Amino acid sequence: MTYSDRPRERVEVVCPTCHARLNPRAEWAGRSVRCPDCHSAVLVPDPRPAQPAPPPPRNLGEYGVRDPAKGAAEPPEIYLVVCPQCRARLHPRLDQVGWRARCPDCDTRFVLPPPRPSAPEPVLAEPGQYGLGAQADRGETPMEYLAVQVRRPAAEESAPVELPRLWLVKGVFDFPLQRDAADRLLILSLLGVAASGMTLFGLWVIGFTMLAAPFFALAAGWLWYWTISFGAACIMGIVQDTASRSAEVYNWPEGDWRTWTWPALYLGYQFALSVAAGYLAGLPLTALLGPGSAAVSLLVVFLLFPILLLSSMEADSPFMPYSPVVLAGLVRDWWAWAAVYAIVALSLGTWLVLTVAGLVYAPLLTVLFAVPSLAALAFIWARLLGRLACRAGTQKPKHPRRKRPPPKAALNTAGPGPA
């Protein structure tokens, strides 16, 4: 086979102008060829890979020495700073004193203070020389070295929040608009609107066919369960934290939806006791008032349910709806209870009138308005009950019981004893 019959090596090149693929000969490396599409000059690369330069030989017996004139790079000096909110430990540089820093744990912004002067190390006494059998006089060990837990100073501990002067108004009607409360109110409103819409739509569909009744009943039942249980958990959290003199609510329902069942059963049991008491109260008046006895039963339920709820929560048992503290507060602050009942009755009556009138003219818009407003009224009602429980637990009676005087010493009638 002659040289002309051998296959010639080709190089693949991409035109930088039109991106056409060319295959010139390998021996044309370093020359420029013309692209057949755009007639641009294309440089043919060398197909052989470039050989890297060999590393210089290393003498294992010699090591480089840093130039002392340049000096080594010293690490930046840092100091300890404690976050004023969450007590997290930060380590900024000394040149950042006076800067505004942000805590990575609680996102609190504060100005970096200067470093505190370090306390001098305690000087221990020299042990000295002791003879054989002599008892050594050991120095006292500083107790701060043995401390395993550091508590915040008393000045830094958060003091309990006192009730405002206008506790019936301040922090009550604007409570549903606060950040944490508004988030839960939105969730409760969405669940309530979905449950109401599913119920109305199911009734409309069932009017045409009864085959869809089980599906809509199951879906509406689950939605109503989530709505009622979530609302009950919110109400219990608001009452508990408000009664403990806290300006914010920390026991919001979180996590698994199955944990909301107990608050719903708790409130449902107290409501059932109130309904039973209202039924027994209206039963003797049935013969006298007729249908008017139902209004008496509703009034008893309206007045008795808050008292039973606060009493069982104060006694820490749902089966003990009696609390001397709550009853004493009911007698002492009767005007406060009357004001709360009046506020709730006026708000609930206004909501009921507007809802009934809206269902006649615009049922869909009424549902969208009535459910969030009813949820907001429930939050306000729970806030007021928490304020009543706080007053009942913190106020002292106006006339405290007087202490009995100590018994007088008995007279010695036997006369002086023998000397």
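The model shown is predicted, which means the values in this text are computed figures rather than measured ones.

Procedures and definitions
- Residues numbered from 1 in each chain as written.
- Predicted model: local features only at pLDDT ≥ 70, side-chain atom pairs only at ≥ 80, totals over all residues.
- Heavy atoms only, no water.
- Helix = DSSP H or I, 4+ residues; strand = E, 2+ residues; numbered from the N terminus.
- Buried < 20%, exposed > 50% of the residue type's maximum accessible area, 1.4 Å probe, protein only.
- Contact = heavy atoms within 4.5 Å.
- Axes fitted to C-alpha atoms, helices over the stretch in contact; angles between N-to-C directions.
- Parallel < 35°, antiparallel > 145°, perpendicular 65-115°, else oblique.
- Left-handed = near helix turned anticlockwise from the far one by under 90°.
- Nonpolar A, V, L, I, M, F, W, Y, C, P; charged D, E, K, R; others polar.
- pLDDT = per-residue confidence, 0-100.
- 1 Å grid on protein atoms, 1.4 Å probe; cavity = no way out; pocket = protein on both sides within 12 Å on 5 of 7 lines; lining within 4 Å.
- Points joined across faces, edges and corners; volume = space filled by probe spheres on them.

## Thoughts on the environment of Ala-220
Inference 1: Structurally, the position occupied by Ala-220 is in helix 2 (residues 213–243).
Inference 2: Owing to a relative accessible area of 9%, Ala-220 belongs among the buried residues under this scheme.
Inference 3: Considering only alpha carbons, one finds Ala-220 and Gly-197, 23 residues apart in sequence, at a separation of 8.7 Å.
Inference 4: If near-sequence neighbours (up to four positions away) are discounted, Ala-220 is found in contact with Met-198 and Thr-199.

## A word on the packing of helix 5 (residues 293–315) against helix 7 (residues 334–361)
Inference 1: Running from N to C, helix 5 and helix 7 point in directions that differ by 120°, and their axes come no closer than 11 Å. By the angle between their directions, the pair helix 5 and helix 7 is classed as oblique. When the axes of helix 5 and helix 7 are compared, the crossing they make is right-handed. Contact residues: Phe-302, Leu-303, Pro-306, Ile-307 and Leu-310 in helix 5; Trp-337, Tyr-341, Val-344 and Ala-345 in helix 7.
Inference 2: Among the residues forming the contact of helix 5 with helix 7, the class breakdown is nine nonpolar, no polar and no charged.

## A short note on the environment of Val-239
Inference 1: Structurally, Val-239 is set in helix 2.
Inference 2: Apart from the residues within four sequence positions on either side, Val-239 is in contact with Leu-310, Met-313, Ala-382, Leu-385 and Gly-386.

## Looking at the confidence of the model for the protein chain
One rule of thumb: low pLDDT means the predicted coordinates there are not for detailed reading.
Inference 1: Summarising the model, the protein chain shows a mean pLDDT of 77, and 75% of its residues fall at 70 or more.
Inference 2: Mean pLDDT per element in the protein chain: helix 4 (residues 286–289) is the minimum at 69, and helix 7 is the maximum at 89.
Inference 3: Note that pLDDT drops below 50 for residues 1–6; the model gives that stretch one contact with residues more than four away or on any other chain.

## Quick look at unusual backbone geometry
Inference 1: If you check the backbone angles, His-19 has positive phi at about 60° while not being a glycine.
Inference 2: Tracing the sequence through the fold places His-19 in the loop between strand 1 (13–14) and strand 2 (21–22).
Inference 3: The phi torsion at Asp-107 lies on the positive side, around 60°, for a residue other than glycine.
Inference 4: What makes Asp-107 partly exposed here is its relative accessible area of 48%.

## A closer look at empty space enclosed by the protein
Inference 1: For the coordinates displayed, the defined rule picks out one cavity of 30 Å³ or more.
Inference 2: By volume, the largest cavity amounts to about 40 Å³.
Inference 3: Lining of the largest cavity is provided by Phe-302, Pro-306, Trp-337, Val-340, Tyr-341, Val-344, Trp-381, Leu-385 and Leu-388.
Inference 4: The biggest single contributor to the lining of the largest cavity is helix 7, with four residues.
Inference 5: Of the residues assigned to the lining of the largest cavity, the class counts are nine nonpolar, no polar and no charged.

## Overview of the layout of surface pockets
Inference 1: A volume near 1400 Å³ is recorded for the largest pocket.
Inference 2: Lining the largest pocket are 37 residues, and of these Ile-235, Leu-348, Leu-374, Ala-378 and Trp-381 lie nearest its centre.
Inference 3: Listing elements by their share of the lining of the largest pocket, those giving two or more residues are helix 1 (179–206), helix 2, helix 3 (261–282), helix 5, helix 7 and helix 8 (363–394).
Inference 4: Considering each element in turn, the lining of the largest pocket owes the most residues, 11 residues, to helix 8.
Inference 5: Looking at the lining of the largest pocket, its residues break down into 29 nonpolar, eight polar and no charged.

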